[in-house]
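Breakdown of the fold
Below are the chains, spelled out letter by letter.
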Amino acid sequence: MSGAKGPTLLFIAGSLLLVPGLACATGAAQAVSAPPVGQAGGQPAQADQEGAPSPPLTPAEPVLKEAPPLPEIPVLNEEDARAEATRLNSAFRHEVPVALKVSSAQKAAWIALAKEQIQQASFPLDRPQVVLVVDRNPAVQSMCLMLALPGQSDWQVIGSTKVSTGTTGRKFYYITPTGVFINTADILGYRALGTKNENGIMGNGTKGMRVWDFGWQWAEKGWLPVPREKGQIRLEMHATDPVYLESRLGHVASEGCIRIPSSLNVFIDKHGLIDVEDEQMAVIDNRFRALLRPDRVATPLAGSAVIVVDSASRPDLAQVTISENKAPARHPVQQTHS
C-alpha cells in the first residue's frame, strides 16, 4: 500500500521526533499549502473549534539519525477480510446506537459513487481495507463504512450513520469538497478539549473526541452565487456538540468539515479504522502513541481514506440513496466512553 514512507527521525533532548514530509497515498486528494494569513475561510478558526488546524510537526535545529524500519501493514485475504468486516459490523451494531439501514440498492450506489472518486483520484486500493464514504448530497447527508476489496464490486457494509457537511447561504461557510482524502502521518491530528465558543457550543464535541485533519483543501464558497469561487479550508472530520447540534445531523450545517455522531467518533477511533499510518508511526514516535487511544483494538483492515461523494450529481443513483435514508435502525448499545 502506498502511504507513509520511511521517515527521518530526530533526537532532541531525549525526544523522538518526526521530520514532516511523509508522502500521502499517490494520486489521492492532496492537501494544498497553507493559504496566506487572512485568506483561509475569511476569518481565523478559534482554537478547539471547527476548522482549527492541528499543531505543526516542525522540530527546530535537529540532529538527524536514520529511522528504524516501519512495521508492515497487514494484508488479509478475502475470506479473512470478510470475517473481520463481519466482526466490525457486529461491534458497530452494539457501539453505535444511531445506525442507519443500508439496502442492497443503496449499497450498490455507495460502491459506484466511491469507485468513481477512487478512479478520478488514482487512489491505490491495493489491499482489503476500510473506507469511509460520505455523501454530501443535501438530501442524504450520511456516511457508510465499507470494506473495500481491490478488483471486486461486492464490497461489504460495516455500518452507516447520519453526518453533516458544509452548508450554503451563510458567510464563511464552505461546501465540503468531493474527493479521496487521506489521514496521513504528515499531520498529527488532535483531540477536542471540550471548550465552548461564545455561543456555548463545543465545536469539536466533548473532551477527548478525535479530530482527523486532512489539511488545506479547495472548497466552494457556499455564500456566493453559482458558479461559486473557491477558497481554502482546513478539512477535518470530528464530533459536534452533543446537546445542541448532534440531533441535527443529517442536514447540511458545517463550515465545510464533516460532523459525525460522538458514538461513531469513538468507534472509528477505538478500532483505528483510518489510522493505518498513525499506527505505524506510533511504534517509533511518542506523539502518535499519545494521540491514539490506549484501549484501542486496531483492526487489520485499517485504511486511511475518507471518500466524499455527491449522489446529487448522479440522478440515476440519487433517488436510491435518498429513498431509504430516513429511518434509523436502532440497536441495543453498550456504553462507550471517549
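Everything below is about the structure shown above.
Note that the coordinates shown come from a computational prediction; the quantities given were computed from them, not determined experimentally.

The next point concerns the environment of Leu149. Here Leu149 lies in the loop between strand S5 (142-148) and strand S6 (156-162). Measuring from C-alpha to C-alpha, the distance between Leu149 and Arg127 comes to 6.8 Å, with 22 residues separating the pair along the chain.

Attention now goes to the packing of helix H2 (residues 104-121) against helix H6 (residues 315-323). Across the interface, H2 lies against H6 with an axial gap of 9 Å and an inter-helix angle of 130 degrees. Taken together, the axes of H2 and H6 are oblique relative to one another. Between H2 and H6 the crossing geometry is left-handed. Residues Ala105, Gln106, Ala109, Ala112 and Leu113 of H2 form the contact with H6, whose participating residues are Leu317, Val320 and Thr321.

Right, let's talk about the pattern of salt bridges for a bit. Taken as a whole and assessed by the stated rule, the structure comprises 16 salt bridges. Put simply, Glu116 and Arg314 hold a salt bridge, and the shortest N to O gap is 2.0 Å. Taken as a pair, Glu116 in helix H2 and Arg314 in the loop between strand S13 (305-309) and H6 lie far apart in primary sequence, 198 residues in all. Residue Arg314 is classed as partly exposed on the basis of its relative accessible area, which comes to 23%.

Bringing the pairing of S13 into the picture now. Burial analysis of S13 places five of its five residues in the buried class, which makes it a mostly covered element. Because side chains alternate across S13, one face comprises the buried residues Ala305, Ile307 and Val309, and the other comprises Val306 and Val308, equally buried. Here four bridges tie strand S4 (residues 129-135) to S13, and the two strands are oriented parallel to one another. Bridge pairing links Leu132 to Val306 in S13. Two elements, strand S8 (residues 179-182) and S13, share four bridges in a ladder whose sense is antiparallel. Across the sheet, residue Val180 finds its bridge partner in S13, namely Ile307.

Analysis parameters
- Residues numbered from 1 in each chain as written.
- Predicted model: local features only at pLDDT ≥ 70, side-chain atom pairs only at ≥ 80, totals over all residues.
- Heavy atoms only, no water.
- Helix = DSSP H or I, 4+ residues; strand = E, 2+ residues; numbered from the N terminus.
- Axes fitted to C-alpha atoms, helices over the stretch in contact; angles between N-to-C directions.
- Parallel < 35°, antiparallel > 145°, perpendicular 65-115°, else oblique.
- Left-handed = near helix turned anticlockwise from the far one by under 90°.
- Contact = heavy atoms within 4.5 Å.
- Salt bridge = Lys/Arg side-chain N within 4 Å of Asp/Glu carboxyl O.
- Buried < 20%, exposed > 50% of the residue type's maximum accessible area, 1.4 Å probe, protein only.
- Pairing = 2+ DSSP bridges.

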